[in-house]
Amino acid sequence: QEIRGCSLPPALAMLHTAAVTRAAHMLQACERLVVLTGAGISTDSGIPDYRSPGRPPHRPTSHQEFMRQERARIRYWARSMIGYNAVHSALPNSSHMDLARYERTGRLHKVITQNVDDLHHRAGSTRVVALHGSMNVVRCMTCPVQYSRIMMQDTLVALNREGYDSGLRKVKDEQFRPDGDLNLDASIYETFRVPACWSCGGILKPAVTFFGDSLQPEVAAQAAKDIEEADGLLVLGSSLTVFSAFRLVRSVVDRLGPERVVLINRGPTRADPLLLPDMCFNHGLTSILPTLLGHHRPESHSRHLSHQHGSHAGHHPLGSDHGSHHGSQNHSDGPRV
């Protein structure tokens, strides 16, 4: 069977073709489609997710711990220092590129992502709401100044060179998490130094929503508005365990019915009881997404991404903008200790 000129790939032979066709027809009929993405869309970029089989258990640092306990801040920044480069050097994969292409048709109203890796933006998407913020920005919790995470990374490494080199030698790839966090030998924390805000000496925190923290009010309001305006929802690579994402799906089901939601995820999700079984696909994204969106994936996708991987060898993926930071004030000297 064909859908808008796109033949079903062989990998979909295991799926019920009629169900794929119905889901594709629904999505392609939408004029204001919203796509909700989770960590599963970035696994093909080499960024592991949180809940796949075999992943080690993880208790994230809470907002309250980070703000109240110096030891918690030391632990967080030490782990993040070691893991950040591996996550930040990841490049958009074909699924990110597919969504960026679909946006240009005018039928993609918004991408709402739970991820903090900025890969949708780097793929070329412009209509993106980052529910949980960006790992590439660091903000002062006392004054309005913000810094680039690259600047923070350079400062952390300069202050803790021995711990950085030692940590890199000891960690394994499978320990990394989507936010760059990982497990470390506790000995690194004893001498670890964390910079403070250059402007006021305040606590510096990544501009992401921590466990136990609330979404930024303006972000939550924008996501709710986009969901209210949607005429269909596509969920990609999310177990919807986090309530802030689950309630968006529930809102669409309550307003439009479960027949207006398509979900693709490896494994069960929190929303499964709300959705139609033949609109939920326990499947990877790469082979099914072009079919659902009704387009062929150009070969230039893979060539472009391969070229990106090669051209960034030895260089930071953001080019020469390593020392830049943004906010209401700019300070060339960066954070202080």
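See the structure printed just above.
This text gives an overview of the structure that appears in the document.

Here is what the cut-offs are and how they apply
- Residues numbered from 1 in each chain as written.
- Predicted model: local features only at pLDDT ≥ 70, side-chain atom pairs only at ≥ 80, totals over all residues.
- Heavy atoms only, no water.
- Phe/Tyr/Trp six-rings, centres within 6.5 Å; stacked < 30°, edge-to-face > 60°.
- Helix = DSSP H or I, 4+ residues; strand = E, 2+ residues; numbered from the N terminus.
- Buried < 20%, exposed > 50% of the residue type's maximum accessible area, 1.4 Å probe, protein only.
- Expected span 1.5 Å × (residues − 1).
- Bend = angle between axes of the 7 residues up to and from the residue.
- Salt bridge = Lys/Arg side-chain N within 4 Å of Asp/Glu carboxyl O.
- Contact = heavy atoms within 4.5 Å.
- Polar contact = N/O pair within 3.5 Å; in protein donor to acceptor, adjacent residues only side chain to side chain.
- Pairing = 2+ DSSP bridges.
- Right-handed = clockwise from strand over helix to strand, strands pointing away.
- Axes fitted to C-alpha atoms, helices over the stretch in contact; angles between N-to-C directions.

### Details of the packing of aromatic side chains
Here is step 1: By the definition in use, this model includes five aromatic pairs.
Here is step 2: An angle of 85 degrees between the planes, with centres 5.7 Å apart, marks the rings of phenylalanine 66 and tyrosine 76 as edge-to-face. Placement of phenylalanine 66 in helix α2 (residues 63-68) and of tyrosine 76 in helix α3 (residues 70-88) is noted, with a sequence separation of ten residues between them.
Here is step 3: Classification of phenylalanine 66 as buried rests on a relative accessible area of 0%.
Here is step 4: Measuring from ring centre to ring centre gives 5.2 Å for tyrosine 76 and phenylalanine 210, while their planes differ by 45 degrees; the resulting arrangement is tilted.

### Overview of α3
Here is step 1: Along its 19 residues, α3 runs 25 Å from first to last C-alpha, staying within 8% of the 27 Å computed at 1.5 Å per residue.
Here is step 2: At isoleucine 82, α3 shows its largest bend, some 40 degrees.

### Some remarks on the pattern of salt bridges
Here is step 1: In the structure shown here, the tally under the stated rule is seven salt bridges.
Here is step 2: Its salt-bridge partner being glutamate 190, residue arginine 71 comes within 3.5 Å of it at the nearest N-O pair. Of the two residues, arginine 71 is situated in helix α3 and glutamate 190 in the loop between α7 (161-170) and β8 (204-208); the sequence distance between them amounts to 119 residues.
Here is step 3: Exposure remark for arginine 71: the relative accessible area of 40% places this residue in the partly exposed category.

### Some points on the environment of glutamine 114
Here is step 1: Relative to the elements of secondary structure, glutamine 114 occurs in the loop between β4 (108-113) and α5 (119-123).
Here is step 2: On the basis of relative accessibility, which here comes to 13%, the residue glutamine 114 falls in the buried class.
Here is step 3: Residues glutamine 114 and glycine 38, spaced 76 residues apart in sequence, show a C-alpha to C-alpha distance of 5.2 Å.
Here is step 4: Excluding residues within four positions of it along the chain, glutamine 114 makes contact with Leu36, Thr37, Gly38, Leu131, His132, Ser238, Leu240, Val242 and Ala245.
Here is step 5: A polar atom in the side chain of glutamine 114 sits 2.7 Å from the side chain of serine 238.

### Concerning the pairing of strand β10 (residues 261-264)
Here is step 1: Burial along β10 is two-sided: Val261 and Leu263 and Val262 and Ile264, pointing in opposite directions, are all buried.
Here is step 2: For strand β9 (residues 232-236) and β10, the ladder comprises four bridges, and the chain directions are parallel. In the sheet register, leucine 233 faces β10, and the bridge partner there is valine 261.
Here is step 3: Taken together, β9, helix α9 (residues 243-256) and β10 constitute a β-α-β crossover, and its handedness is right-handed.
Here is step 4: In terms of strand pairing, β10 meets strand β11 (residues 280-281) through two bridges, oriented parallel. For leucine 263, the partnering residue across the bridge sits in β11 and is cysteine 280.

### What to know about the sheet that holds β4
Here is step 1: An order of β5-β4-β3-β9-β10-β11 is seen for the six strands of this open sheet, with the pairing classed as parallel. Each edge of the sheet is formed by a strand with only one pairing partner; in this case those strands are β5 (128-130) and β11.
Here is step 2: Pairing between β4 and β5: three bridges, direction parallel. Bridged to isoleucine 112 within β5 is valine 129.
Here is step 3: Sheet strands in contact with helix α8 (residues 217-229) are β3 (33-37), β4, β5 and β9, and its direction is about 140 degrees off that of β4.
Here is step 4: Lying over the sheet, α9 contacts β3, β4, β9 and β10, oriented at roughly 150 degrees with respect to β9.

### Some thoughts on the pairing of β8
Here is step 1: Burial of β8 is extensive: five of the five residues sit out of reach of the surface.
Here is step 2: The pairing of strand β6 (residues 133-140) with β8 spans four bridges and is classified as antiparallel. Within β8, the residue paired with valine 138 across the bridge is proline 206.

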